[in-house]
Amino acid sequence: FPQGCNPLAQTGRSKLQNQRAALNQQILKAVRMRTGAENLLKVATNPKVREQVRLELSFVNSDLQMLKEELEGLNISVGVYQNTEEAFTIPLIPLGLKETKDVDFSVVLKDFILEHYSEDGYLYEDEIADLMDLRQACRTPSRDEAGVELLMTYFIQLGFVESRFFPPTRQMGLLFTWYDSLTGVPVSQQNLLLEKASVLFNTGALYTQIGTRCDRQTQAGLENAIDAFQRAAGVLNYLKETFTHTPSYDMSPAMLSVLVKMMLAQAQESVFEKISLPGIRNEFFMLVKVAQEAAKVGEVYQQLHAAMSQVPVKENIPYSWASLACVKGHHYAALAHYFTAILLIDHQVKPGTDLDHQEKCLSQLYDRMPEGLTPLATLKNDQQRRQLGKSHLRRAMTHHEESVREASLCKKLRSIEVLQKVLCAAQERSRLTYAQHQEDDDLLNLIDAPSVVAKTEQEVDIILPQFSKLTVTDFFQKLGPLSVFSANKRWTPPRSIRFTAEEGDLGFTLRGNAPVQVHFLDPYCSASVAGAREGDYIVSIQLVDCKWLTVSEVMKLLKSFGEDEIEMKVVSLLDSTSSVHNKSATYSVGMQKTYSMICLAIDDDDKTDKTKKISKKLSFLSWGTNKNRQKSASTLCLPSVGVARPQVKKKLPSPFSLLNSDSSLY
């Protein structure tokens, strides 16, 4: 699988992500202090103590507010994610990646492999290390299709892991911790669904970063931006509909609905830029088209701002995002009125003009014409056209003034220089155009300009993630076909059946795809006498793994031994209600380090000879992407067979040795 980017590269994006990780730790510390102070306030009875606690609580709340504002500053640091080319365009908003803590799968998975699959977990150390390396790489994905593929590969791999190792009836003792990308508050669960949902969120966030990075000065770049934002909306919408009870607020249904609207609004804005890129000709039909496209963008941003202003979203959405949505709503509404004014003021009826077509377009530009005006009469009457055009210019200036005012009220938006330049340039253009045609009696004669009907030639929509197009190999396929060898099914321990084929007759037939089952068993044949039963699954023959072999392949293998003795291992499915081994897991929710201990009694004689191992967690800020080949000992023990496993200490490679040298994408 592809590796993540070099996390130590000093790029703008990596610096922001490192700042986000550090802020998350500070927020976690402040939240714990606030919780402790609130608990102390509940139980304290001494007035002086209560007064002191209230004072400390006010300080902690102030610190939390400041940290939240710092995190909002990172979320509105749009300049880092934009294309490096100098462009006179309004920045687009990307989503930051969620941060997480390290997770050590080795002990828990080895235990489960021994208990559930009756295989030695040490045989799967490479597969477990691959899984942990893949997770580590997903923390620093490259900002391109390879990064998206990396995240989706891990998401699909988690589906295999969930089916193999996570029974629906119990917790496995693995604690997954992810930080809210908007508030920085950590969420910890023993549920793999939190891991899958967070990876999906980061996939959508990565698409937004790809969209903002596209070169919006080229046709191809704008098309890629439109596609990226539609795919981001599709991933986030899939997350909203599939994972409905995620505890993290940035993945709540209400917040995800707003984020989907924001991505589609930015895609619609890119559509307008694509139409305007070749240049806007001062031609009637072209101006009608551009005016309606601008009205469409303004409409979706006004709807987005209204959604961001609703409870409970407005409590956690960055204020700068809501302000920018309001600014863009007024800005594009102003552009719609400006282009409508130009087509009316500069229009001239020339010989050969298709008046019928122009009349139809003008009538479709409004929901209804101003009182006393008709489309055809307005086109033919120069005075009426100029008066209506100047009315649109006045309304355009009103929207421009509102957009500039909203931008000035937000501290974060005031610091975005290119935004201020674009807004002021558009306002000045409308003001100069109105000044050229202004007359003394305009205040008395001008009517209220009607709103421009929003219309687009390219309606944007969500593009759902296509997981089926990605080929992912199950790391743990050696355990057998997932249809049989999964966590929600149980079997007897493998039984060894020693038998011979009498005169070439095995005494049974085979059926099914991999794994193959024993069928039509002769009760007097040597296999039946040795303990074989109908319905048994054949897992190995003479130490040859048969879990993935077909009927013809297994039959060919059996007949190759002739009349020699054959050793065949089989398992039988147990009833789903059969009792399972008792497990106990202890963990510390919300703590920076998590310790898990899982114990299993193998038989009555060995109950007093249990072993236990504590898995040491790596630091949260350990960003290494190299292979983690620590030999974590399983807490379960195979019955003694007289062979001692040597204690091998393996030194970890340098964290710099296997880093991807191409860090320009991160």
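Residues numbered from 1 in each chain as written. Predicted model: local features only at pLDDT ≥ 70, side-chain atom pairs only at ≥ 80, totals over all residues. Heavy atoms only, no water.

A.B. asks: Explain the overall build of the protein chain to me, using residue names and the numbers behind them.
C.D. replies: Along the backbone of the protein chain there are 18 helices and 8 strands. Accessible area for the protein chain stands at about 31,600 Å²; split by element, carbon and sulfur atoms hold 52% of it. (Helix = DSSP H or I, 4+ residues; strand = E, 2+ residues; numbered from the N terminus. Areas by Shrake-Rupley, 256 points an atom, 1.4 Å probe, with all protein chains shown as cover.)

A.B. asks: Run through the packing of aromatic side chains, naming residues and quoting values.
C.D. replies: Here the structure, examined in full by the defined rule, presents 15 aromatic pairs. Of the aromatic side chains, those joined through ring pairs into one cluster are Phe 112, Tyr 117, Tyr 124, Phe 165, Phe 476, Phe 485 and Trp 491. (Phe/Tyr/Trp six-rings, centres within 6.5 Å; stacked < 30°, edge-to-face > 60°.)

A.B. asks: A description of the packing of helix α8 (residues 253-276) against helix α9 (residues 284-308) should follow, citing residues and the corresponding values.
C.D. replies: Orientation of α8 relative to α9, taken along the N-to-C sense of each, is 165 degrees, at an axis distance of 9 Å. Taken together, the axes of α8 and α9 are roughly antiparallel relative to one another. The two elements α8 and α9 cross, and the hand of that crossing is left-handed. Of the residues in α9, those touching α8 at Val 258, Lys 261, Met 262, Ala 265, Gln 266, Gln 268, Glu 269, Val 271, Phe 272 and Ile 275 are Met 286, Lys 289, Val 290, Glu 293, Ala 294, Lys 296, Val 297, Val 300, Tyr 301, Leu 304, Ala 307 and Met 308. A breakdown of the residues in the contact of α8 with α9 according to their chemical character gives 15 nonpolar, 2 polar and 5 charged. (Axes fitted to C-alpha atoms, helices over the stretch in contact; angles between N-to-C directions. Parallel < 35°, antiparallel > 145°, perpendicular 65-115°, else oblique. Left-handed = near helix turned anticlockwise from the far one by under 90°. Contact = heavy atoms within 4.5 Å. Nonpolar A, V, L, I, M, F, W, Y, C, P; charged D, E, K, R; others polar.)

A.B. asks: Quick rundown of a negative patch on the surface? Include the residues and the values.
C.D. replies: A surface patch of like charges, here negative, comprises Glu 502, Glu 503, Asp 505, Asp 522, Glu 563 and Asp 564. Position of Glu 563 among the secondary structure elements: in the loop between α18 (551-559) and β8 (566-571). Relative accessible area serves as the criterion here: at 57%, Glu 563 is assigned to the exposed category. (Patch = residues over 30% accessible without salt bridge, like charges linked within 9 Å, V, L, I, M, F, W, Y side chains within 5 Å. Salt bridge = Lys/Arg side-chain N within 4 Å of Asp/Glu carboxyl O. Lys, Arg positive; Asp, Glu negative; His and termini not counted. Charge placed at Lys NZ, Arg CZ, Asp CG, Glu CD. Buried < 20%, exposed > 50% of the residue type's maximum accessible area, 1.4 Å probe, protein only.)

A.B. asks: Can you break down unusual backbone geometry residue by residue, with the values?
C.D. replies: With an omega dihedral of 5 degrees, the bond running from Val 311 to Pro 312 counts as a cis peptide bond. Relative to the elements of secondary structure, Pro 312 occurs in the loop between α9 and α10 (319-345). A positive phi is found at Ser 118, a non-glycine position, where the angle reads about 55 degrees. Note on placement: Ser 118 falls in the loop between α3 (106-117) and α4 (125-137). Positive phi values are uncommon outside glycine, yet Gln 542 reaches one of about 50 degrees. Position of Gln 542 among the secondary structure elements: in the loop between β6 (537-541) and β7 (544-545).

A.B. asks: Describe in detail the pairing of β8, supporting the description with residues and values.
C.D. replies: Regular strands place their side chains on alternate faces of the sheet. Most of β8 is tucked away: 5 of the 6 residues are buried. Across 5 bridges, strand β3 (residues 495-499) lies against β8 in antiparallel orientation. When the sheet's bridge partners are listed, Arg 495 is paired in β8 with Val 570. By the bridge criterion, 4 bridges tie β6 to β8 in an arrangement that is antiparallel. Within β8, the residue paired with Tyr 537 across the bridge is Val 571. (Pairing = 2+ DSSP bridges.)

A.B. asks: Break down the confidence of the model for the protein chain for me, citing the residues and quoting the values.
C.D. replies: Mean pLDDT over the protein chain stands at 79; residues scoring 70 or higher make up 79%. Taking the mean pLDDT of every element in the protein chain, the minimum, 57, falls on helix α16 (residues 442-445) and the maximum, 95, on α8. Here residues 577-666 is modelled with pLDDT under 50, and outside its nearest four sequence neighbours on either side it reaches 172 contacts, counting other chains as well. (pLDDT = per-residue confidence, 0-100.)

A.B. asks: Help me get a handle on the pattern of salt bridges, residues and values and all.
C.D. replies: Summed over the entire model, instances satisfying the criterion amount to 24 salt bridges. Across the pair Arg 164 and Asp 474 runs a salt bridge whose closest N-O atoms are separated by 2.8 Å. Within this pair, whereas Arg 164 is found in helix α5 (residues 145-165), its partner Asp 474 is found in the loop between α16 and β3, the two being separated by 310 residues in sequence. Salt bridges sharing common partners tie together Glu 119, Asp 545 and Lys 547.

A.B. asks: Lay out α5 with the relevant residues and their values.
C.D. replies: Between its terminal C-alpha atoms α5 stretches 30 Å, which fits the 30 Å expected from 21 residues at 1.5 Å a residue. The opening residue of α5, the one whose side-chain oxygen lies 3.2 Å from the backbone nitrogen of Ala 146, is Asp 144. (Expected span 1.5 Å × (residues − 1). Polar contact = N/O pair within 3.5 Å; in protein donor to acceptor, adjacent residues only side chain to side chain.)

A.B. asks: Describe the environment of Arg 139, and please don't skip the residues or the numbers.
C.D. replies: Summarising the element assignment, Arg 139 is placed in the loop between α4 and α5. By relative accessible area, Arg 139 is classed as buried at 6%. Between the C-alpha atom of Arg 139 and that of Lys 101, which follows or precedes it by 38 residues, the distance is 9.7 Å.

A.B. asks: Pulling in residues and values, what's your account of the environment of Ser 270?
C.D. replies: With respect to the helices and strands, the residue Ser 270 is situated in helix α8. When its relative accessible area of 1% is taken as the criterion, Ser 270 is described as buried. Between the C-alpha atom of Ser 270 and that of Phe 229, which follows or precedes it by 41 residues, the distance is 9.4 Å. The contacts of Ser 270, once residues within four sequence positions are left out, are Leu 92, Leu 222, Ala 225, Ile 226 and Phe 229.

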